[in-house]
Each structure stands twice: as structure tokens, then as C-alpha cells.
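Residue-level structural notes
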Amino acid sequence: MAGCVVSQVRISEIFHSLQGESRTVGFPTAFIRLTGCPLRCQYCDTTYAFSGGELLSIATILEQIAPFQSRFVTVTGGEPLAQPECLPLLTALCDAGYQVSLETSGAMNIAGVDPRVSVVMDLKTPDSGEAHRNLYSNIELLKPVDQVKFVICSRQDYQWARMKLDEYQLSQRVDDVLFSPSHQQINPTDLADWIVQDRLPVRFQIQLHKLLWADGPGR
Ligand code: SF4
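To keep things clear, this report deals only with the structure shown in the data block. (Residues numbered from 1 in each chain as written. Predicted model: local features only at pLDDT ≥ 70, side-chain atom pairs only at ≥ 80, totals over all residues. Heavy atoms only, no water.)

**Description of unusual backbone geometry**
Each neighbour pair has its own omega, and for Gly-77 with Gly-78 the value is 10°, a cis peptide bond. Relative to the assigned elements, Gly-78 resides in the loop between strand S4 (72–76) and helix H2 (86–95). At Gln-69, a residue that is not glycine, the phi angle is positive and equals roughly 55°. By secondary structure assignment, the location of Gln-69 is in the loop between helix H1 (58–65) and S4. For Gln-69, a relative accessible area of 74% puts it in the exposed group. Even without being a glycine, Gln-184 presents a positive backbone phi close to 60°. Tracing the backbone shows Gln-184 in the loop between strand S8 (176–181) and helix H5 (188–197). (Helix = DSSP H or I, 4+ residues; strand = E, 2+ residues; numbered from the N terminus. Buried < 20%, exposed > 50% of the residue type's maximum accessible area, 1.4 Å probe, protein only.)

**Things to note about the nonpolar core**
Counting residues in each nonpolar core, the largest one holds 48 residues, and the members touching the most others are Ile-32, Leu-93, Phe-150, Leu-170 and Phe-179. The contacts of Leu-93, once residues within four sequence positions are left out, are Ile-32, Leu-62, Ile-65, Val-73, Val-75, Tyr-98 and Val-100. (Core = buried A, V, L, I, M, F, W, Y, C linked by side-chain atoms within 4.5 Å. Contact = heavy atoms within 4.5 Å.)

**A few points about a nonpolar patch on the surface**
A cluster of nonpolar side chains, namely Ile-206, Leu-211, Leu-212 and Trp-213, defines an oily patch on the protein surface of about 380 Å² accessible area. On the secondary structure map, Leu-212 appears in helix H6 (residues 208–213). (Patch = residues over 30% accessible without salt bridge, like charges linked within 9 Å, V, L, I, M, F, W, Y side chains within 5 Å. Areas by Shrake-Rupley, 256 points an atom, 1.4 Å probe, with all protein chains shown as cover. Salt bridge = Lys/Arg side-chain N within 4 Å of Asp/Glu carboxyl O.)

**Side note on the site of the ligand**
Around the ligand lies a shell formed by Cys-37, Leu-39, Arg-40, Cys-41, Cys-44, Thr-46, Phe-50, Gly-78, Ser-105 and Lys-124. Taken together, the residues of the shell around the ligand break down into five nonpolar, three polar and two charged. (Near = heavy atom within 4 Å. Nonpolar A, V, L, I, M, F, W, Y, C, P; charged D, E, K, R; others polar.)

This is the structure we're talking about:
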């Protein structure tokens, strides 16, 4: 029909797996990975999603995840919010009755995200190489059901994350602040010990999917 535009989203992959991190870790989850990211974190494990992919309508995406029969859907990337069509996709997923989470780098404005979505927002640490991209104005927009994640590469990163936790009172803003060791860059036991010693009100997490399946598309 003339004038009728169907929203399309560029998708790297759609797959069914266990949630490897965040509050719903361990639950079978449908993952929708959007193509493209304006950042280049040194530890990025999804560089294959920087380009390529396939343009799909929102209706097609809904059709593709339906057979998974999953209560949980995670929209990830890349950086999903780099595509404006991510916003109507999130709303359509919520309307369809899914419990939706969005993994975002913290570099894009989260203001337009459907309030039913649990936003899992990174704050990039200095050793990621992308700390200058953090959009701190997002912090005001966080809801209690959202989550803030620090991927920690070093003791210096840990100290920086502690400082941000305090500066922005993050554990009062959101139910879960996540401290995650960067894979093979820091001893996870050290990070766990520091959190306990310093009595930090944060949740330690290790990426479950890496322990189970290592890296790669579809995990
Ligand atoms: S924001 Fe995420 S997808 Fe983008 S470079 Fe960093 S780790 Fe990779």
C-alpha cells in the first residue's frame, strides 16, 4: 500500500540458548542480535556482528522466536540502539507478552526504550578503551528493574567502578549492579575477593555461556 512503511531491523542472528548473565542467568532465552556497533571495546566477543546481517521485518522476527516457546527475550548486539527500529521492535516484543531485556553499551540514549523493558546498561571502564563514550545522562533514566553492568579488566578498572558506584549511587537506583570479570583478562577469584572484602552491594557474575560453550555465534 502506498505510504505504508514496514519497519525492518538488520539482524545478525536469532537463537535460543541459556541466558549467560544478568538477573535471569540460567533461564532459556530467545536472543535477537542486531547488527552494528559504533564502539570498539578491546574485549569485544561479538565482532562478527559489526557488519553483515539480514534485514527482517518485526513480524518476521516475532515468527522466528515463537517456536522457542521462551518467556524471556534478550535484544542484544552489537549495539541494538544504533538502529532506530530497535525501539518499535522492543515494544512489539512487550506487546506479545515476552519479558524483554535490552543489552546496551551505555553510549546511546535510552530515553525511547519501552518502560516494560529491563535495560541492562554497561558503563564502559577505562580498560575497555571506550570509557569516553559513556552517556552519563542515561543514569537519570534508569528504573529499579534495570541493571548496570561493569566489565572489569584490572584492579584499576575495579577501583574506577567502585568510584562510579558511589558517585552515582547506582545501587540505590537499580536493583542489580553487576560486576563481571573480563574473560581471561583478570582472575575472577580476585574480583570476587575484592567485592567481599570491600562489602560492595553488587552482584558478581561470570558469563555462564562461556563456561558451558566457549565463544561463537549462536551462544
Ligand atoms: S559495545 Fe558491545 S558489541 Fe560494541 S564493541 Fe563493545 S562489547 Fe562489542
